Amino acid sequence: MRHPVLISLCIGSAFALLGCEQQSDADVARAMASVNVIDETNLSDVMLTAGDPNEAVAYFLRATTEKPGRIDLMRGLAKSLVRAKKPNDAAAVWEAVLAHPEASNQDRVDFADTLIRMNAWERAEAELNKIPPTHETYARYRLEAMVADFRKDWKKADSFYEIAAGLTTTPASVLNNWGYSKLSRGDHAGAERLFSEALTHDARLFTAKNNLVLARAAQGIYDLPVMPMTQIERAQLLYTAALSAIKRGDVNIGRTLLKQAVDTHPQHFEEAARALAALDANVGRG
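First things first, this report covers the structure right here in the doc. From a predicted model like this one, the values you see are computed outputs, not experimental measurements. (Residues numbered from 1 in each chain as written. Predicted model: local features only at pLDDT ≥ 70, side-chain atom pairs only at ≥ 80, totals over all residues. Heavy atoms only, no water.)

### Comments concerning the packing of aromatic side chains
Next up, step 1: Across all of its chains, the model carries five aromatic pairs by this definition.
Next up, step 2: For the ring pair tryptophan 121 and phenylalanine 150, a centre distance of 4.7 Å and an interplane angle of 5 degrees mean the geometry is stacked. Residue tryptophan 121 is located in helix α6 (residues 121-129), and its partner phenylalanine 150 is located in helix α7 (residues 138-150); the two are separated by 29 residues in the primary sequence.
Next up, step 3: Tryptophan 121 gets classed as buried once you look at its relative accessible area, which sits at 15%.
Next up, step 4: Residue phenylalanine 150 is classed as partly exposed on the basis of its relative accessible area, which comes to 37%.
Next up, step 5: A cation sits over an aromatic face here: arginine 140 above tyrosine 141, 5.4 Å from the ring centre. (Phe/Tyr/Trp six-rings, centres within 6.5 Å; stacked < 30°, edge-to-face > 60°. Helix = DSSP H or I, 4+ residues; strand = E, 2+ residues; numbered from the N terminus. Buried < 20%, exposed > 50% of the residue type's maximum accessible area, 1.4 Å probe, protein only. Lys NZ or Arg CZ within 6 Å of the ring centre and 35° of its normal.)

Next comes the structure, spelled out in structure tokens:
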């Protein structure tokens, strides 16, 4: 007589176990989904940094097709298109990102950056003007400075460059840009100070080294400043100083610097040798 009770208990236990198994499967599925999101995020980060730009574009195109509406994947596609030197395509994606309910002020900054790469300065300025003043970031003020430079509003440019430099722990690049702005305005001494300051933050930044030589040459100072440089860099900087000297009419100094550049370079320095030959040929015809 106890058999029905036993059977009922067994059936009940079976259903209980089945319920536990189903609950366990659901937990596992949720856990796996979380892991997949983490793995996908890591892969996205890799594609945005170490991956080939065109491979990254293909990855994010596929990902956004499979999971439309994921704003992080849309951002990845836009950034990859920028890295692949396709700013027009990137701009269209950034517009879609900004239409997303989860769009941020940083997305608008990135859109403005893309517009500047397209030389769409007025549109970039309009987008920056939509960003509230409370959004104070290095990226935002770097772009504000560039737009002010484009407008030749030097007072604003200086102010924005100074703010941007103060908002990052690695200001070498923005100091170099600020120095180049000063150089283009004819403030050669001010440019020299900024390039020198940039190199105190990153002694490997060759563009700042080259710009520093240009700023000094514009003042008639052709000797290379004391700074770390490889033999190849030294030859290239001597070449920059030589061309600057010749442009200023200091031809004999330029010739000497070209010879030094040729002698300094560990391999054949074709550009310097060609310039020296052309200079000597012109002198011979004279």
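Anyway, onward from the coordinates.
### With respect to the packing of helix α8 (residues 154-166) against helix α9 (residues 172-185)
Next up, step 1: Here α8 crosses α9 at 160 degrees, and the two axes come no closer than 9 Å. Of the possible angle classes, the one that applies to α8 and α9 is roughly antiparallel. Considering the relative orientation of α8 and α9, their crossing is left-handed. Two secondary-structure elements touch here, α8 through Trp154, Ala157, Asp158, Tyr161, Glu162, Ala164 and Ala165 and α9 through Val174, Leu175, Asn177, Trp178, Ser181, Lys182 and Arg185.
Next up, step 2: Partitioned by chemical class, the residues of the contact of α8 with α9 number eight nonpolar, two polar and four charged. (Axes fitted to C-alpha atoms, helices over the stretch in contact; angles between N-to-C directions. Parallel < 35°, antiparallel > 145°, perpendicular 65-115°, else oblique. Left-handed = near helix turned anticlockwise from the far one by under 90°. Contact = heavy atoms within 4.5 Å. Nonpolar A, V, L, I, M, F, W, Y, C, P; charged D, E, K, R; others polar.)

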